[in-house]
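# Structural overview
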Amino acid sequence: MNKKLAAALSGGAVLVLALSGCSDDEGNKVDDWAKTFCDQAKPQIQKRADAHQIIISTAADSKPAEIQAADSKAFQDIANADRALAKAVESAGAPPVENGEKVQQDAIKELNATAVAYEGLKKQVDALDPTNQQKFADGLQGVADGLTRIEKMDQNALSKLEEGELGQAMAKQPGCQKPTASVPPKASGSASPKPGSTPDSSDTSDASGKGSDSAEPTGKASTKPSKKSTTAKTEE
């Protein structure tokens, strides 16, 4: 169960900045800003990675009540992490780049808006009835549709920080590197199929593949949805 939700979540997992290269002389101030932000951002980036791994792991079991609890907690964790990332941007001050104050304010606004959106998804999941499998599956489709809309917000939240020398400076910071989820995945195939659904072992192999990818430094800062992630999956 849970294949539809996973399809929507496939683009909206851990934030990852697609950055490259490094800067030079204006460098010191920009690097200092990046270090200040990334040091504060690191635990929040990890929290997001862990939240998505929880959803991925729970998908292997495919029990509605477990899916509901995992998704609810994960959405709240991501919302909390996004709010904390907004505070980290605020605390770091306006970045020393052109239109730095606007870049800062836009990032704060968008991160907080994304947090509110994830809390909306949490409420949707909490309202589902796990005792009625068909209604639960239909309800997850609504959650998946909402998540598809949130993906673009997620991608845009720190897009301006990704640009130019500021993004390059962030890419060098350990605190903004793509994390490895600290939540161990569950073994797949542990749950018996529910009526109208079949286990999908390829989903969990996807998840473990993601984890192994993140074990190596990527040179990318961790603040935009990663296309490689998958989460809870729903099959009708």
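Residues numbered from 1 in each chain as written. Predicted model: local features only at pLDDT ≥ 70, side-chain atom pairs only at ≥ 80, totals over all residues. Heavy atoms only, no water.

Let us now look at the packing of aromatic side chains. Tallied over the full model, the rule gives two aromatic pairs. Arranged with centres 5.6 Å apart and planes meeting at 15°, the rings of Trp 33 and Phe 37 form a pair that is stacked. One end of the pair is Trp 33 and the other is Phe 37, both in helix 2 (residues 27-59) and four residues apart, which spans about a single turn. The buried category is assigned to Trp 33, whose relative accessible area is 4%. Judged by relative accessible area, Phe 37 falls into the buried class, the value being 0%. Ring geometry for Phe 75 and Tyr 118: centres 6.1 Å apart, planes at 35°, overall tilted. With Phe 75 in helix 3 (residues 64-92) and Tyr 118 in helix 4 (residues 100-126), this pair connects stretches of sequence that are 43 residues apart. (Phe/Tyr/Trp six-rings, centres within 6.5 Å; stacked < 30°, edge-to-face > 60°. Helix = DSSP H or I, 4+ residues; strand = E, 2+ residues; numbered from the N terminus. Buried < 20%, exposed > 50% of the residue type's maximum accessible area, 1.4 Å probe, protein only.)

Taken N-terminus to C-terminus, the directions of helix 3 and helix 5 (residues 133-156) make an angle of 20°; their axes are 13 Å apart at the nearest point. Judged on the interaxial angle alone, helix 5 and helix 3 are roughly parallel. Once helix 3 is placed against helix 5, the crossing between them reads as left-handed. Facing helix 3, whose interface residues are Pro 64, Ile 67, Gln 68, Asp 71, Phe 75 and Asp 82, helix 5 presents Phe 136, Leu 140, Val 143 and Asp 154. The class makeup of the residues in the contact of helix 3 with helix 5 is six nonpolar, one polar and three charged. (Axes fitted to C-alpha atoms, helices over the stretch in contact; angles between N-to-C directions. Parallel < 35°, antiparallel > 145°, perpendicular 65-115°, else oblique. Left-handed = near helix turned anticlockwise from the far one by under 90°. Contact = heavy atoms within 4.5 Å. Nonpolar A, V, L, I, M, F, W, Y, C, P; charged D, E, K, R; others polar.)

Overall, the prediction assigns the protein a mean pLDDT of 73, with 64% of residues at 70 or greater. Within the model, pLDDT remains below 50 along residues 223-236, and this stretch shows 85 contacts once partners closer than five positions in the same chain are excluded. (pLDDT = per-residue confidence, 0-100.)

Here we take up the state of the cysteines. Think of a disulfide as a covalent bridge from one cysteine sulfur atom to another cysteine sulfur atom. A complete count under the given rule lists one disulfide for this structure. Shown here is the disulfide that connects Cys 38 with Cys 176, its sulfur atoms set 2.1 Å apart. Of note, the bridge from Cys 38 to Cys 176 carries an S-S torsion of about -95° and is left-handed in sense. Residue Cys 38 is found in helix 2, and its partner Cys 176 is found in the loop between helix 6 (164-172) and helix 7 (201-214); the two are separated by 138 residues along the sequence. (Disulfide = S-S within 2.5 Å.)

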